[in-house]
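Inside the fold
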Amino acid sequence: EPEVTQTPSHQVTQMGQEVILRCVPISNHLYFYWYRQILGQKVEFLVSFYNNEISEKSEIFDDQFSVERPDGSNFTLKIRSTKLEDSAMYFCASTLDRGTEQFFGPGTRLTVL
Amino acid sequence: DQQVKQNSPSLSVQEGRISILNCDYTNSMFDYFLWYKKYPAEGPTFLISISSIKDKNEDGRFTVFLNKSAKHLSLHIVPSQPGDSAVYFCAASARGSNSGYALNFGKGTSLLVTP
C-alpha cells in the first residue's frame, strides 16, 4: 500500500542553524501539507501546497519557514534559523483530492539545542 | 483558540465492550470531520470520516455520529480490541471555504483497551 515517507526520522540541530525536512508524498497525490506537534500539545497545521504554490498557511508559518517541491517526488520544509521552540514532531501529509482524508507520514522529530 | 475539543484525555475500556470517544467543535464553517488513530512514534492514521450532510457513517467496527446542532461528534468502536489502544484524534476542516482544507485537530484521547 502506498505511503508517505519522511526523512530523517530524527534531526538534532543547534539554535540558529538551517534545517530541511524531507517528505515523499504518495505518488499520485496533488495536495501536500506540513503539520507539527509540540510535545504534549495538539497537531497544528503549518502550510498547504498545491500546483507549486502555497494555498494556505497558518500564523506559525512565518518568514523563517519555506516549502518547496524541487522535483516530481519530494516535498520539503525548510526552517532558516531554528529556535528552541521549533522543537517538535513535523508531519507531512498528502491527499489526492482537496477535501478528502489526508495521509500522514511517520514524522520527523526535530530537536533544537 | 481551540476550535476542536476532546475533553477526555484518556479512556479505559474492557475488551469486547464499546468505546465511545467524544469531540466538540466551535467553528460552524466546519463541514468535514475525521478521526485519526496514532501509535507512539508513528504518524496519524486515518480511520473514518463524515460529511456534514450526514449524521452517521459506519465502517466495520467503527461508527462516527455527527450532531450538527450540538456541534458534537463521537466515535464508537464495537467491540473494542486490545489493538485499538492508541491515541485518537478528532479533526475538522471547512471544505466549503476557499482554503487549502487544513485540518484542525483536537488534543487527542488516549484509549486503553484491557483484556
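In case you missed it, the structure is sitting above this.
Below, the structure is looked at part by part. (Residues numbered from 1 in each chain as written. Chains lettered and ligands numbered in written order. Predicted model: local features only at pLDDT ≥ 70, side-chain atom pairs only at ≥ 80, totals over all residues. Heavy atoms only, no water.)

Secondary structure assignment for chain B yields zero helices and 11 strands. Taken from N to C terminus, the helices and strands of chain B fall in the order β-β-β-β-β-β-β-β-β-β-β. Taken against the 2.2 N^0.38 rule, which gives 13 Å for 115 residues, the C-alpha radius of gyration of chain B at 14 Å falls within 12% of a compact globule. Its C-alpha atoms give chain B principal-axis dimensions of roughly 45 × 30 × 20 Å. The 115 residues of chain B split such that 48% are buried. Contacts in chain B between residues at least 24 apart in sequence constitute 54% of all its contacts with a sequence separation of at least 6. For chain B, the accessible surface area stands at approximately 5,400 Å², while carbon and sulfur atoms represent 48% of it. Across chain B, the 11 positively charged side chains and the 9 negatively charged ones have centroids separated by 3 Å. (Helix = DSSP H or I, 4+ residues; strand = E, 2+ residues; numbered from the N terminus. Rg over C-alpha atoms; globule rule 2.2 N^0.38 Å. Buried < 20%, exposed > 50% of the residue type's maximum accessible area, 1.4 Å probe, protein only. Contact = heavy atoms within 4.5 Å. Areas by Shrake-Rupley, 256 points an atom, 1.4 Å probe, with all protein chains shown as cover. Lys, Arg positive; Asp, Glu negative; His and termini not counted. Charge placed at Lys NZ, Arg CZ, Asp CG, Glu CD.)

All names here are of chain B. Its place among the elements puts Leu11 in strand E2 (residues 10–14). Spatially, the C-alpha atoms of Leu11 and Ser110 are 6.2 Å apart, while their sequence positions differ by 99 residues. When near neighbours in sequence (up to four residues on either side) are disregarded, Leu11 contacts Ser19, Ile20, Leu21, Thr109, Ser110, Leu111 and Leu112.

With that settled, the discussion passes to the packing of aromatic side chains. One pass over the structure, following the stated rule, counts 17 aromatic pairs over all chains. Linked through ring pairs, Tyr33(A), Tyr35(A), Phe45(A), Phe91(A), Phe104(A), Tyr36(B), Phe46(B), Phe89(B) and Phe105(B) together constitute an aromatic cluster. (Phe/Tyr/Trp six-rings, centres within 6.5 Å; stacked < 30°, edge-to-face > 60°.)

What follows concerns the state of the cysteines. All names here are of chain A. Applying the stated criterion to the full structure yields two disulfides over all chains. Shown here is the disulfide that connects Cys23 with Cys92, its sulfur atoms set 1.9 Å apart. Judged by the torsion about the S-S bond (-65°), the Cys23/Cys92 disulfide is left-handed. Taken as a pair, Cys23 in strand E3 (residues 19–24) and Cys92 in strand E9 (residues 88–95) lie far apart in primary sequence, 69 residues in all. Each member of the pair, Cys23 as well as Cys92, carries the same accessibility label: buried. (Disulfide = S-S within 2.5 Å.)

Our next topic: the interface of chain B and chain A. With 21 residues of chain B in contact, the opposing surface of chain A contributes 18 residues. Buried surface at the junction of chain B and chain A, summed over both partners, amounts to about 1,700 Å²; 58% is from carbon and sulfur atoms. The interface formed by chain B and chain A includes zero salt bridges. Linking chain B with chain A are four residue pairs in polar contact (both at pLDDT 80 or more), by the criterion used here. The biggest single contributor to the side of chain B that touches chain A is strand E4 (residues 32–38) of chain B, with four residues. (Buried area = accessible area lost by both parts, 1.4 Å probe. Salt bridge = Lys/Arg side-chain N within 4 Å of Asp/Glu carboxyl O. Polar contact = N/O pair within 3.5 Å; in protein donor to acceptor, adjacent residues only side chain to side chain.)

The next subject is the sheet that holds strand E6 (residues 56–59) of chain B. All names here are of chain B. Within the open sheet, the five strands sit side by side as E1-E3-E8-E7-E6. Their pairing is antiparallel. Strand pairing shows two members of the sheet lacking a second neighbour, strand E1 (4–5) and E6, which therefore form its edges. Relative to strand E8 (residues 72–77), strand E3 (residues 19–25) runs antiparallel, the two being bridged by six bridges. Across the sheet, residue Asp24 finds its bridge partner in E8, namely His72. (Pairing = 2+ DSSP bridges.)

A few words on the side chain of Ser51(B). By secondary structure assignment, the location of Ser51(B) is in strand E5 (residues 45–51). Apart from residues no more than four positions distant in its own chain, Ser51(B) is found in contact with Asp31(B), Tyr32(B), Leu66(B) and Arg95(B).

So, about the sheet that holds strand E7 (residues 65–68) of chain A. Residues and elements named next belong to chain A. Strand order across the open sheet formed by four strands is E1-E3-E8-E7, with antiparallel pairing between neighbours. The open sheet has two edge strands, strand E1 (5–7) and E7, and neither has a second partner. Along the sheet, successive strands turn relative to each other by an average axial angle of 20°, direction set aside. Relative to strand E8 (residues 75–79), E7 runs antiparallel, the two being bridged by four bridges. When the bridges of E8 are listed, Val67 appears paired with Leu77. (Axes fitted to C-alpha atoms, helices over the stretch in contact; angles between N-to-C directions.)

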